[in-house]
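Structural description and commentary
Given next are the chains, with one letter for each unit.
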Amino acid sequence: MLEGPPGELFDALEVSKDMTALVLLESGGEKEYRVLPWPNPLKPKSVKYFIYKDQDETVVPGMELQPTGNGFRAPQQLPLSLPSAAEIASWPLDLSLPQFKWNQDLLDKVRPVQAGERPWVIVLMGTPGIGKTHLLNHGTVEQKEAVDAKIGRKVPWDNIFFKQIDDAIHNAARAQLEKLWAECEKIEDPHECFRYYWSSKQQIFTRFAVDKPDVSESNPKPASYEFRLGVEIVKKLTQPGQLYNVAMETTGLTPGLVKFGLTAPHYAEYHKLVILVEMDDLEQARTITHSRLIREMNSCSMLGGEQFGKYLDVIAEKAKETFKVCEELARTKNKELDDAGSGGGRWHTYHLKQEFGLDPAVQQRIDEFYGLR
């Protein structure tokens, strides 16, 4: 069993609030565990492993991971045959093509705002597993009425296009995901299977949501596949005379989506609403996301993001910081509109604290997967 500094065991995602992580440094055959800032500005080439604390508390070598803005990148040698970022950049993004039928299906479920109505753009923020998607799709009448009462406006909850990163990646990487699920069925040891699935899913998310091709004359400002596809989807949703209410979700690790996304010119006439969703017990979120990853393997379907474990603590703290930035931005923007006598869309924020009991089936799924029942 590998151990860290005396008396301490570390999880691959056990990252402190100031973003430090235990890494294994190797030099001349010598091994040393050190806690370093992460992402590390020095970028030491000798970083080889994170340490992963397994479900049964056994500490094993983590797969070789690299930092990204969205968490961690899994090793490139996994047998997923992922296309390169350059190859993905050549894929057409015409939303009328058959491969984007999923987007049209979502669009068919909503309607453009009627003449005289002001459209809404909504950002749901918070850690994975705390009910952001559930609030929009299945939230109670009482929850939604509480939001309306707090902000003094009625949100068109039943007519919102929900733009989710999961949909984009699930459909773009369908072949890789199907191969991953098939590979997982061959792995008998549940701990090895879970590590393989999580790290491989990290690799897929990183390739499609973070990676971008090199700068070139023909592509001076490269962007990730998910970003470029998102631009095309938003263009369609914000066409003059054909405006849709739009919702997006983010962890809140940075305020970029709000500071740069919602201030874009195409949302000038929209009401804006930023909702921070928190859970009264973050341990429940860790259990939910762990169970959800297992459910994905069991059902061969993607149900959410790839982040889980104690890294959720980092996300929760960062989301609170980002929400404060959003609240200040909302006050500033509304004052600018008031001072200018503008009738443009207003900015609103809402803090939702989720309180609910954990469905016993969530923990049961984990226990059954590891053979604890």
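Residues numbered from 1 in each chain as written. Predicted model: local features only at pLDDT ≥ 70, side-chain atom pairs only at ≥ 80, totals over all residues. Heavy atoms only, no water.

Things to note about the overall build of the protein
- From N to C terminus, the protein includes 12 helices and 14 strands.
- Contacts spanning at least 24 positions in sequence make up 73% of the contacts within the protein whose residues lie at least 6 apart.
- About 18,500 Å² of surface is accessible on the protein, with carbon and sulfur atoms providing 50% of the total. (Helix = DSSP H or I, 4+ residues; strand = E, 2+ residues; numbered from the N terminus. Contact = heavy atoms within 4.5 Å. Areas by Shrake-Rupley, 256 points an atom, 1.4 Å probe, with all protein chains shown as cover.)

A look at the packing of aromatic side chains
- Evaluated as defined, the whole model comprises five aromatic pairs.
- Both rings, one in Trp-91 and one in Phe-208, keep their centres 6.0 Å apart while their planes meet at 45°; by these two values the pair is tilted. With Trp-91 in the loop between α1 (85-89) and α2 (101-107) and Phe-208 in helix α7 (residues 190-209), this residue pair connects regions lying 117 residues apart in the sequence.
- What makes Phe-208 buried here is its relative accessible area of 0%.
- Here the aromatic cluster, defined as three or more aromatic residues joined through ring pairs, consists of Trp-91, Phe-208 and Tyr-225. (Phe/Tyr/Trp six-rings, centres within 6.5 Å; stacked < 30°, edge-to-face > 60°. Buried < 20%, exposed > 50% of the residue type's maximum accessible area, 1.4 Å probe, protein only.)

Considerations on the nonpolar core
- Judged by nonpolar contacts, the single largest core of 58 residues is most densely connected at Phe-194, Phe-208, Leu-229 and Val-258.
- The leading source of residues in this core is α7, at nine residues.
- Of all hydrophobic cores here, the second largest spans 25 residues; its members include Leu-124, Ile-130, Met-279 and Ile-288. (Core = buried A, V, L, I, M, F, W, Y, C linked by side-chain atoms within 4.5 Å.)

What about the packing of helix α6 (residues 174-185) against α7?
- At a closest axis distance of 10 Å, the pairing of α6 and α7 adopts a crossing angle of 170°. Of the possible angle classes, the one that applies to α6 and α7 is roughly antiparallel. Listed contacts from α7 to Gln-176, Leu-177, Leu-180, Trp-181, Glu-183 and Cys-184 of α6 are Cys-193, Tyr-196, Tyr-197, Ser-200, Lys-201, Ile-204 and Phe-208. (Axes fitted to C-alpha atoms, helices over the stretch in contact; angles between N-to-C directions. Parallel < 35°, antiparallel > 145°, perpendicular 65-115°, else oblique.)

Quick look at the packing of α7 against helix α10 (residues 282-299)
- Relative to each other, α7 and α10 sit at 95°, their axes nearing to 11 Å. By the criterion of interaxial angle, the relationship of α7 to α10 is roughly perpendicular. For the pair α7 and α10, the contacting residues are Cys-193, Phe-194, Tyr-197, Trp-198 and Lys-201 in the first and His-290, Leu-293, Ile-294, Glu-296 and Met-297 in the second.
- Residue classes in the contact of α7 with α10 are distributed as seven nonpolar, one polar and two charged. (Nonpolar A, V, L, I, M, F, W, Y, C, P; charged D, E, K, R; others polar.)

In short, shape yes, function no, at least from these values alone.
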